[in-house]
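Summary of the model geometry
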Amino acid sequence: MNHWHMEAMAELHRREIQREMRRIYIGERALSRRVYRPGWFAVRMFGLANWMIATGKNMRRRYESPALGCTHEPTRGYVR
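Here the structure is a predicted model, which is why all the values come from computation and not from measurement.

A look at the overall build of the chain
Within the chain one finds two helices and zero strands. Accessible surface computed for the chain: about 8,600 Å², of which carbon and sulfur atoms make up 62%.

Right under this line is the structure:
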(Lines give C-alpha, C1' and ligand atoms only; values in the text may rest on other atoms or scores of the structure.)
Protein backbone atom coordinates (compact mmCIF):
# COMPACT_ATOMS: atom_id res chain seq x y z
CA MET A 1 0.00 0.00 0.00
CA ASN A 2 1.02 3.60 -0.53
CA HIS A 3 1.10 5.11 2.93
CA TRP A 4 3.17 8.07 1.77
CA HIS A 5 0.14 9.53 -0.04
CA MET A 6 -1.99 9.46 3.11
CA GLU A 7 0.88 10.97 5.14
CA ALA A 8 1.44 13.69 2.53
CA MET A 9 -2.26 14.59 2.52
CA ALA A 10 -2.34 14.66 6.32
CA GLU A 11 0.69 16.98 6.32
CA LEU A 12 -0.97 19.23 3.72
CA HIS A 13 -4.16 19.47 5.81
CA ARG A 14 -2.12 20.18 8.94
CA ARG A 15 -0.34 23.07 7.21
CA GLU A 16 -3.66 24.49 5.93
CA ILE A 17 -5.13 24.34 9.43
CA GLN A 18 -2.05 26.07 10.86
CA ARG A 19 -2.30 28.84 8.24
CA GLU A 20 -5.98 29.34 9.03
CA MET A 21 -5.26 29.45 12.77
CA ARG A 22 -2.51 32.03 12.17
CA ARG A 23 -4.93 34.16 10.08
CA ILE A 24 -7.58 34.02 12.81
CA TYR A 25 -5.02 34.90 15.50
CA ILE A 26 -3.75 37.91 13.54
CA GLY A 27 -7.32 39.06 12.89
CA GLU A 28 -8.24 38.80 16.58
CA ARG A 29 -5.13 40.74 17.60
CA ALA A 30 -5.94 43.48 15.11
CA LEU A 31 -9.50 43.77 16.43
CA SER A 32 -8.39 43.82 20.06
CA ARG A 33 -6.05 46.74 19.34
CA ARG A 34 -8.82 48.88 17.89
CA VAL A 35 -10.49 50.79 20.71
CA TYR A 36 -13.79 52.53 20.05
CA ARG A 37 -13.45 56.22 20.79
CA PRO A 38 -16.58 58.07 19.78
CA GLY A 39 -16.11 61.43 18.18
CA TRP A 40 -17.88 64.68 18.88
CA PHE A 41 -20.83 63.86 16.61
CA ALA A 42 -21.40 60.40 18.12
CA VAL A 43 -21.33 61.77 21.66
CA ARG A 44 -23.82 64.52 20.77
CA MET A 45 -26.15 62.08 18.99
CA PHE A 46 -26.06 59.74 21.99
CA GLY A 47 -26.96 62.64 24.27
CA LEU A 48 -29.77 63.70 21.94
CA ALA A 49 -31.14 60.17 21.86
CA ASN A 50 -31.11 59.93 25.66
CA TRP A 51 -32.85 63.30 25.93
CA MET A 52 -35.52 62.25 23.40
CA ILE A 53 -36.17 59.02 25.30
CA ALA A 54 -36.46 60.82 28.63
CA THR A 55 -38.73 63.51 27.18
CA GLY A 56 -40.89 60.92 25.44
CA LYS A 57 -41.37 59.00 28.66
CA ASN A 58 -42.35 62.14 30.52
CA MET A 59 -44.79 63.17 27.79
CA ARG A 60 -46.29 59.70 27.68
CA ARG A 61 -46.74 59.76 31.43
CA ARG A 62 -48.34 63.19 31.22
CA TYR A 63 -50.71 62.71 28.28
CA GLU A 64 -51.55 59.00 28.19
CA SER A 65 -52.65 58.56 31.77
CA PRO A 66 -56.35 57.66 31.94
CA ALA A 67 -58.68 60.34 33.22
CA LEU A 68 -60.43 59.37 36.43
CA GLY A 69 -64.17 59.73 36.64
CA CYS A 70 -64.59 60.49 32.94
CA THR A 71 -68.09 59.60 31.77
CA HIS A 72 -67.43 60.82 28.23
CA GLU A 73 -67.52 57.95 25.72
CA PRO A 74 -64.66 57.96 23.17
CA THR A 75 -65.55 59.10 19.67
CA ARG A 76 -65.83 56.61 16.86
CA GLY A 77 -63.43 58.58 14.63
CA TYR A 78 -60.34 56.75 15.88
CA VAL A 79 -58.96 53.89 13.84
CA ARG A 80 -58.77 50.70 15.87
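Remarks on the pattern of salt bridges
When the charged atoms of two side chains lie near each other, side chains of opposite charge can form a pair. The tally for this structure, following the rule as stated, stands at three salt bridges. Between glutamate 11 and arginine 14 there is a salt bridge, and its shortest N-O distance comes to 2.5 Å. In this pair, glutamate 11 and arginine 14 are both assigned in helix H1 (residues 3-33), three residues apart and thus about one turn of the helix distant. According to the relative accessible area criterion, glutamate 11 is partly exposed, its value standing at 28%. Across the pair arginine 23 and glutamate 20 runs a salt bridge whose closest N-O atoms are separated by 2.7 Å. Here glutamate 20 and arginine 23 lie together in helix H1, a separation of three residues that amounts to about one turn. Judged by its relative accessible area of 54%, arginine 23 is exposed. In this structure, a network of salt bridges that share partners links the residues Glu11, Arg14 and Arg15.

Description of the environment of arginine 14
Accessibility expressed as a relative area gives 40% for arginine 14, which makes it partly exposed. Side chain to side chain, arginine 14 and glutamate 11 meet in a polar contact 2.5 Å long.

Side note on a nonpolar patch on the surface
Among the surface-exposed residues, Trp40, Phe41, Met45, Leu48, Trp51 and Met52 lie close enough to one another that they form a single nonpolar patch of about 740 Å² accessible area. Inspection of the secondary structure assignment puts phenylalanine 41 in helix H2 (residues 40-63). We classify phenylalanine 41 as exposed; its relative accessible area is 57%.

Rules used throughout
Residues numbered from 1 in each chain as written. Predicted model: local features only at pLDDT ≥ 70, side-chain atom pairs only at ≥ 80, totals over all residues. Heavy atoms only, no water. Helix = DSSP H or I, 4+ residues; strand = E, 2+ residues; numbered from the N terminus. Areas by Shrake-Rupley, 256 points an atom, 1.4 Å probe, with all protein chains shown as cover. Salt bridge = Lys/Arg side-chain N within 4 Å of Asp/Glu carboxyl O. Buried < 20%, exposed > 50% of the residue type's maximum accessible area, 1.4 Å probe, protein only. Polar contact = N/O pair within 3.5 Å; in protein donor to acceptor, adjacent residues only side chain to side chain. Patch = residues over 30% accessible without salt bridge, like charges linked within 9 Å, V, L, I, M, F, W, Y side chains within 5 Å.

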